[in-house]
Amino acid sequence: MTQKTKALLDLLRLHFFFVWPTLFSAGLFVGFYFNGGFSPLLILQAVLIGFLGFEGGLVLNDVVDADIDRKELAQDKGLTKYWRPFGQRPISGGLISRRHATVVFAVLAVSASVVIATLPYPHSLYVFTLLAVCYCLEVFYQFKKRNEKIPVAQVVGRVDFALFLVAGYLCVGNPDLNALLLFLFFYPLALAHLGVNDLIDVGNDQARGMNTPTTLYGVKNTVYWVAAFSVAHVVLALVFLSRIWSLAAALGFAVGLILIVVGNVKILKGKTPQIALKALPMFHLAMLIYAITIIANYFLTAL
């Protein structure tokens, strides 16, 4: 495998490729559950939109942060090695130029837009609007956290992750109560997850001059940040579960919630970046289990 190929895989975080379309498809299957319209073609469209759209956001993140990423500490690459299969930041490391990475982003964003255009109207308009909003929120997040006194970037910027599932819902559904509850179910988890990332990367964020909950308030208070949003997530997950209730859904959500609780217990006991890194996969696995549960629940109860 060539160095350029490895760099591209790192740019795309490609070992997580299956997660993004699964999460997006979970939103779609919530749409099927409440609105009908099940279609293999729609599933294929959702998989492509979820993959291309999210990958575009990941590349956009690197393009915006290329200069600041050069300040990553050589001895503190735990989060980079977790997220990237070969453990390198390809733009700041000089393996891929910023211009070439921008072209990759454009190809991904345009490709996602082309697939979105094949959705029936007005769903195509809904999803394209959320794609544009999410990319704008990603840029806002990256710039705002460089100069803030309270974590506005985090609270506003991570709306994009929760909107990702809502976009899946809007492939077949309309802006309604179910879309709102899906957003509220996932948004606190997105903030808790971001807090875990900030705990892990506190050394690099200090070196870069980034203002995150950890650099603003310290490790201990960020641990409480993660716990508080996790509690909010538990409550709202139960509310959302009541909308799609079945024994299978309850069991799947129980597994996800247990993983979130165990991850929080580990972080609360350890209160260190190293422990947070060990807990991070629990949050990711919980997200994946939620998504798989939602999809499986449709087949078990709605067909």
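As shown above, the structure is provided for reference.
Report on the accompanying structure. Please read all numbers here as calculations on a predicted model, not as lab measurements.

**Considerations on the overall build of the protein chain**
- Along the protein chain, the regular secondary structure elements total 15 helices and zero strands.
- In terms of C-alpha radius of gyration, the protein chain reaches 19 Å, essentially the compact-globule figure of 19 Å for 303 residues.
- A principal-axis box enclosing the C-alpha atoms of the protein chain has dimensions of 55 × 45 × 35 Å.
- Going through the 303 residues of the protein chain one by one, you find that 56% of them count as buried.
- Within the protein chain, contacts between residues separated by at least 24 positions form 77% of all contacts whose residues are at least 6 apart in sequence.
- The average position of the 23 basic charges and that of the 15 acidic charges among the side chains of the protein chain differ by 4 Å.

**Digging into the nonpolar core**
- With 97 residues, the main nonpolar core has Leu23, Val127, Phe186, Phe240 and Phe253 as its most contacted residues.
- Looking at this core element by element, the count peaks at 14 residues for helix α10 (residues 177-200).
- Residues contacting Val127, with those up to four places away along its chain left out, are Phe24, Ile49, Ile116, Leu119, Ala167, Leu170 and Cys171.

**Let's talk about unusual backbone geometry**
- Look at the link from Tyr121 to Pro122: it is a cis peptide, with omega at 5°.
- Checked against the element boundaries, Pro122 lands in the loop between α6 (98-117) and α7 (123-144).
- Although it is not a glycine, Arg13 adopts a positive phi angle of roughly 50°.
- For Arg13, the location among the structural elements is in the loop between α1 (3-12) and α2 (19-35).
- Judged by its relative accessible area of 5%, Arg13 is buried.

**Things to note about the side chain of Asn297**
- With respect to the helices and strands, the residue Asn297 is situated in helix α15 (residues 273-301).
- Note on Asn297: relative accessible area 2%, which makes it buried.
- If we skip the residues at most four places from it in the chain, Asn297 touches Tyr33, Ile244, Ser246, Ala249 and Ala302.

**Quick word on the side chain of Ser230**
- Tracing the backbone through its elements, the reader meets Ser230 in helix α13 (residues 219-243).
- A distance of 2.7 Å separates a polar atom in the side chain of Ser230 from the backbone oxygen of Val226.
- At 2.9 Å, the side chain of Ser230 and the side chain of Asn264 are in polar contact.
- Beyond its immediate stretch of four places on either side in the chain, Ser230 contacts Ala192, Ile260, Asn264 and Phe283.

Conventions used here
Residue positions are counted from 1 within each chain, in the order its sequence is given. Two thresholds apply to this predicted model, a pLDDT of at least 70 for residue-level local features and 80 or more for giving and counting side-chain atom pairs, whereas whole-chain, interface and lining totals are computed over all residues. Note that water and hydrogens are dropped before the side-chain values are worked out from all heavy atoms of the structure. Each helix corresponds to a stretch of at least 4 residues labelled H or I by DSSP, and each strand to a stretch of at least 2 residues labelled E; elements are numbered beginning at the N terminus. In this description the radius of gyration comes from C-alpha coordinates, and the expected globular size is given by 2.2 Å times residues to the power 0.38. Burial classification: accessible surface area is computed with a 1.4 Å probe over protein chains only, and a residue below 20% of its type maximum counts as buried, one above 50% as exposed, and the rest as partly exposed. Throughout, a residue-residue contact means that at least one pair of heavy atoms, one from each residue, lies within 4.5 Å. Charged-residue counts in this description rest on Lys and Arg as positive and Asp and Glu as negative, His and the chain ends being excluded. A charge is said to be at NZ when it belongs to Lys, at CZ for Arg, at CG for Asp and at CD for Glu. Nonpolar core, defined: a set of buried Ala, Val, Leu, Ile, Met, Phe, Trp, Tyr and Cys residues in which side-chain atoms within 4.5 Å join the residues together. Two N or O atoms form a polar contact when they lie within 3.5 Å of each other; inside protein one atom must be a possible hydrogen donor and the other a possible acceptor, and for residues adjacent in sequence the pair counts only when both atoms belong to side chains.

Note that every value here comes from positions in space, so none of it alone points to a role or purpose.
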